[in-house]
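Geometric and topological summary
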Amino acid sequence: MEIDIIGDIHGCYEELILLITELGYEKQGRSYIHPKGRKLAFVGDLTDRGPNSVAVIQLVSELINTNQAFYCPGNHCDKLYRYFLGRNVQVTHGLETTVEELAQLSKPDYQKVRQQFMSLIENSPLYHVLDDKNLVIAHAGIRSDFIGQANKRVKTFVLYGDITGETNKDGTPVRRDWAQKHQGDEWIVYGHTPVRNPRFLHRTVNIDTGCVFGGALTALQYPEMNIVQVSSKQPLVEEKFRTFDN
């Protein structure tokens with residue numbers, strides 16, 4: 001199984017197309033296909049903050065529908081889904097950019113994008129276990145003992161990370177560094193926490209390199225474990241990146 005796993009896109013459609021092309025995928029109709037049969041995978045957070053969330057939704061939906069990709073939702077995906085359901089969600093922390101884009105669409109186009117996205121969420125697992133359990137793809141990561149479960153506690157971990165219930169000064173949740181304690185044999189590939197460079201630690205890889213904050217859009221090629229990146233076209237916001245001691 002040969003997969004190219006792409007980090008948090010957050011509406012950075014132009015960089016996504018550049019990265020897919022760099023990885024060797026060729027446009028066929030509205031989808032992209034690799035001549036050697038590789039497939040794409042997405043760690044979630046397709047939308048919000050960036051300039052073109054609607055186009056990202058449309059492309060990823062097409063890739064999933066043509067069996068060219070794997071996808072699991074992130075916390076921003078979950079929030080947009082609840083917004084589409086009509087739930088009382090706060091249109092903040094990036095959702096406002098997606099809502100603004102959606103407001104520009106005609107009613108039929110809005111309904112089509114809404115249906116595409118809701119179908120994407122409803123037909124995708126919380127996380128992917130692939131390659132005979134050697135590879136796990138989860139938005140904010142997952143503990144080894146949670147793999148195979150899908151309860152509320154696991155969902156919270158997968159979407160938000162190992163949160164303590166406390167908040168930082170900027171309003172973001174305090175998160176434990178779960179990757180430090182990972183001892184499993186499986187590779188866990190995730191995003192959610194922006195880092196300047198892909199972070200390899202104990203068979204975990206964080207590939208959210210903060211494209212929407214001016215970093216890069218990153219792909220991890222599995223099983224080769226090669227990194228392929230394209231530089232962001234967004235302005236750099238240095239304080240959005242997390243640093244670790246290791």
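Residue numbers here run from 1 along each chain, matching the order of that chain's written sequence. Totals for whole chains, interfaces and linings use every residue, but because this is a predicted model, local features are given only for residues with pLDDT of at least 70 and side-chain atom pairs only at 80 or more, for both listing and counting. Only hydrogens and water are removed before side-chain values are computed, so all heavy atoms of the structure are retained for them.

Okay, the sheet that holds strand β6 (residues 128-130) next. Across the sheet, which stays open at both edges, the five strands sit in the order β6-β7-β10-β12-β11 with mixed pairing between neighbours. Since the sheet does not close on itself, it has two edges, and those belong to β6 and β11 (199-201), each with one partner. Strand after strand, the sheet turns through a mean of 15° between neighbouring axes, direction not considered. Whether two strands pair depends on DSSP finding at least two bridges between them. Runs of E in the DSSP output that reach at least two residues are strands. Runs of H or I that reach at least four are helices, and both are numbered from the N terminus. The pairing of β11 with strand β12 (residues 204-206) spans three bridges and is antiparallel. Looking at β12, one finds that L201 is bridged to T204. In this analysis an axis means a line fitted to C-alpha atoms, helices contributing only their contacting stretch, and an angle means the value between N-to-C directions, from 0 to 180 degrees.

In terms of nonpolar packing, the biggest core is built from 42 residues, with I6, I9, L16, L40, F42, L46 and F117 touching the most fellow members. Per-element tally for this core: the top contributor is helix α2 (residues 53-65), with six residues. It only takes one pair of heavy atoms within 4.5 Å for two residues to be counted as in contact. Excluding residues within four positions of it along the chain, I9 makes contact with L16, F42, G44, D45, L46, V56 and L217. Put simply, buried Ala, Val, Leu, Ile, Met, Phe, Trp, Tyr and Cys residues joined by side-chain atoms within 4.5 Å make one nonpolar core. Each residue is assigned to one of three classes by its accessible area relative to the maximum for its type, calculated with a 1.4 Å probe on protein chains only: buried under 20%, partly exposed between the two thresholds, exposed over 50%. In terms of nonpolar packing, the next biggest core, distinct from the first, is built from 16 residues, I5, F70, L130 and I207 among them.

Over the atoms rolls a probe the size of a water molecule, and in doing so it shows where empty space is left. Each pocket or cavity is described by its volume, and for the largest pocket that value is around 950 Å³. Together, 29 residues line the largest pocket, and R49, H93, T172, P173 and R175 are the ones closest to its centre. Those elements that place two or more of their residues in the lining of the largest pocket are α3 (75-85) and β9 (173-176). In terms of residue count, the dominant contributor to the lining of the largest pocket is α3 (four residues). A class-by-class count of the residues in the lining of the largest pocket yields seven nonpolar, 11 polar and 11 charged. Buriedness for pockets is judged along seven lines, at least five of which must meet protein on both sides within 12 Å for an open set on the 1 Å grid over protein atoms alone, while cavities are sets there where a 1.4 Å probe fits but cannot get out, and lining residues have an atom within 4 Å of a point. R30, Q58, L59, E62 and Q116 are the residues nearest the centre of the second largest pocket, which is lined by 13 residues in total. Counting only elements with at least two residues in the lining of the second largest pocket, the list comes to α1 (13-22), α2 and α5 (107-122). No other element matches the six residues that α2 contributes to the lining of the second largest pocket. For the lining of the second largest pocket, the residue count by class is five nonpolar, four polar and four charged. Grid points are joined across faces, edges and corners, and a volume is the space filled by probe spheres set on the points. Basically, the charged four are Asp, Glu, Lys and Arg, the nonpolar ten are Ala, Val, Leu, Ile, Met, Phe, Trp, Tyr, Cys and Pro, and anything else, Gly included, counts as polar.

Look at the UniProt record and you will see "domain: Calcineurin-like phosphoesterase" (unreviewed entry) annotated at residues 1-195. When the span residues 1-195 is considered, its composition is 35% helix and 19% strand, and the gap between its end C-alpha atoms is 27 Å. UniProt positions are given in the numbering used here, feature names are shortened, and annotations may be inferred rather than shown by experiment.

Moving on to α1. Regarding α1, the residues found buried are E15, L16, I17, L19 and I20. Each element contacted by the buried residues of α1 is listed here: β1 (3-6), β3 (31-33), β4 (39-42), α2, β13 (216-222) and β14 (226-231). One or two steps after α1, the chain reaches G24, where phi turns positive at roughly 100°.

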